[in-house]
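# Residue-level structural notes
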Amino acid sequence: MIPRYLVDFDPDGLPVHETDVIVIGAGIAGLFAAIKASKNNRVLMITKKSLFDSNTRYAQGGIAAVISEEDSPEFHRQDTLIAGAGLCDPEAVDVLVHEGPEGVQALIRYGTIFDEEDGHFALTKEGAHSQRRILHANGDATGFEIVRALAKKVQDNPGVELWDDHFVLDLLTEDGVCLGALVQKPDGSRVVVRGKATILCTGGTGQLYRYTTNPEVATGDGIAMAYRAGAVIRDMEFIQFHPTSLCYPGAPRFLISEAVRGEGAVLRNINGERFMNRYHPQMELAPRDVVARAILSEMEATKSTYVYIDITHESPELIKHRFPTIYEFCLNYGLDMTTDWIPVAPAAHYMMGGVRTDLHGETNIKRLFACGEASSTGVHGANRLASNSLSEAIVFGRRIVERIDRLPPAEGRLRIGCAEGRHGSPMGTVVERRLKLQKTMVRYVGLRRDAQGLHKGLDELKRQLPLFQSCLTKREELEFANLLTCALLMTEAALSREESRGAHYREDFPERDDANWRKHTILQREKAIGEEVVGHV
């Protein structure tokens, strides 16, 4: 159904570029891993656009780590496990909560400047956290500050070679070992890149949906190429919809950070009624899946396309100081957070599933690692705890490099390429196809799902499969092939899980079913969908 390689190629007819460590993608995962790996290795970092195009750049809320004396790793562990709805790997969570603080210190050593108050880090609280443990930068521009600091470190690092505007077509494997990657250059020519280790830091899948907080580059490339290579893909049904993205004519779906609710904002329907008390005792600070579905219910009940987030009861000084980016962005569209209720609606935000790894970021394919949103480390379970994503990337990025530093040089060569006789360009415009796929995912594989809709969605997606027999050359064609792959995986996984848990909600199976479904869904190319038991909590 989905081919091993996206394009036909003969490895003997292509130039070869040798390095030690190949980092595919940027963001906090790629940048941090590249810096760490460069101490003992030659590193090649490949981005399909630039160092500054990633989900990290748009992360507002912050990074979760135990810093305060009132907090503890045990508190952070419990909050993470509760949010993860029974599917977190307790060992992975332990790694995160105990090693996260040192990861924050590493970011500071690399030049990241976090906000302080009275000589201490200014910590905030977000949904489902029991303590104030969220560090932030420039109020609500944490991701941008981290990318600024790490990108400068990479650009000044002679041990890191950077290829911008290059598209990684596929991973190259032989006998269950990753030897490197097939890369398309900006001029359309191709090159084989070889290394002793390859790290996927390609981010998430937000562009599967028409409404997303993710940038245009979030097309699931790493997950799709790992699947084609035979990697185990886990828990693809769990995609998190952020409850509050700006929903206003002419404006993009800009993220209104969870930290706004953490600082006291309330949600109101279009009649002005505060409603979260009807859905969860934690009200606006309930887990994201609960808040997102509550908003959807209110929108349906009031026949509206949005609800309001209201922080007008807080002082204008606090709002402007704490949320300068959001304040300025809204103001550009005639909305003043200090006096106006801001219209918001849920949007696709974060992929909890991805390429399954062990506690050192290694996949079932030797020498292939995954880090950040593309990975499934076991930290997030069925519903990521707010601001754990940036922590996960630095904690597991360091662990990946520790493993790589112990690897011997790679042996062997790629003996076989791909010759499927592909011909002709894809039928129809890719823009049209992409929009149709996004509408299918919103309609059938969104916040609420059922068997009938998932079967319809799967049928519609499968009609696009002939694309894989075409000659794909343009970036938008290759991205669409990866989106289609991820859409099929997500829909199949959602159909398989006959319960509701975390970010996955089935209207035909509305209850959580620990007796039958406290396990992961497993997808691997040319194998039937499988299951994997969760470790004991």
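Cut-off values and rules
- Residues numbered from 1 in each chain as written.
- Predicted model: local features only at pLDDT ≥ 70, side-chain atom pairs only at ≥ 80, totals over all residues.
- Heavy atoms only, no water.
- Helix = DSSP H or I, 4+ residues; strand = E, 2+ residues; numbered from the N terminus.
- Rg over C-alpha atoms; globule rule 2.2 N^0.38 Å.
- Buried < 20%, exposed > 50% of the residue type's maximum accessible area, 1.4 Å probe, protein only.
- Contact = heavy atoms within 4.5 Å.
- Areas by Shrake-Rupley, 256 points an atom, 1.4 Å probe, with all protein chains shown as cover.
- Lys, Arg positive; Asp, Glu negative; His and termini not counted.
- Charge placed at Lys NZ, Arg CZ, Asp CG, Glu CD.
- Axes fitted to C-alpha atoms, helices over the stretch in contact; angles between N-to-C directions.
- Parallel < 35°, antiparallel > 145°, perpendicular 65-115°, else oblique.
- Nonpolar A, V, L, I, M, F, W, Y, C, P; charged D, E, K, R; others polar.
- Arc of directions from axis to C-beta.
- Pairing = 2+ DSSP bridges.

The subject of this paragraph is the overall build of the protein. Looking only at helices and strands, one finds 14 helices and 23 strands in the protein. At 22 Å, the protein has a C-alpha radius of gyration in line with the 24 Å of a compact globule built from 537 residues. When the backbone C-alpha atoms are referred to their principal axes, the protein occupies close to 65 × 55 × 50 Å. Residues counted as buried form 65% of the 537 residues belonging to the protein. Sequence separation of at least 24 residues holds for 72% of the intrachain contacts in the protein that already meet a minimum separation of 6. Of the roughly 20000 Å² that the protein leaves accessible, carbon and sulfur atoms contribute 50%. Counting 63 positive and 74 negative side-chain charges, the protein places the centres of these two groups 3 Å from one another.

What follows deals with the packing of helix α11 (residues 430-444) against helix α12 (residues 451-462). Look at α11 against α12: their axes get within 9 Å of each other, and the N-to-C directions meet at 170°. The angle between the axes of α11 and α12 places the two elements in the roughly antiparallel class. Taking contact as the criterion, the partners of L437, T440, M441 and Y444 in α11 are, on α12, G453, L454, K456, G457, E460 and L461. Here the residues of the contact of α11 with α12 are counted per class, giving five nonpolar, three polar and two charged.

What helix α9 (residues 324-332) keeps buried is the set I326, Y327, F329 and C330. The buried residues of α9 occupy one face: seen down the axis, they fall within an arc of 170°. Close packing links the buried residues of α9 with β15 (239-246), α6 (258-262), α8 (316-322) and β18 (342-351).

With that settled, consider the pairing of β18. Among the ten residues that make up β18, ten are buried, leaving the element largely enclosed by the rest of the structure. Where β15 meets β18, six bridges bridge the pair, whose relative direction is antiparallel. Within β18, the position partnered with L246 by the bridge is V344. The pairing of strand β17 (residues 307-310) with β18 spans three bridges and is classified as antiparallel. Across the sheet, Y308 pairs through a bridge with P343, a residue of β18.

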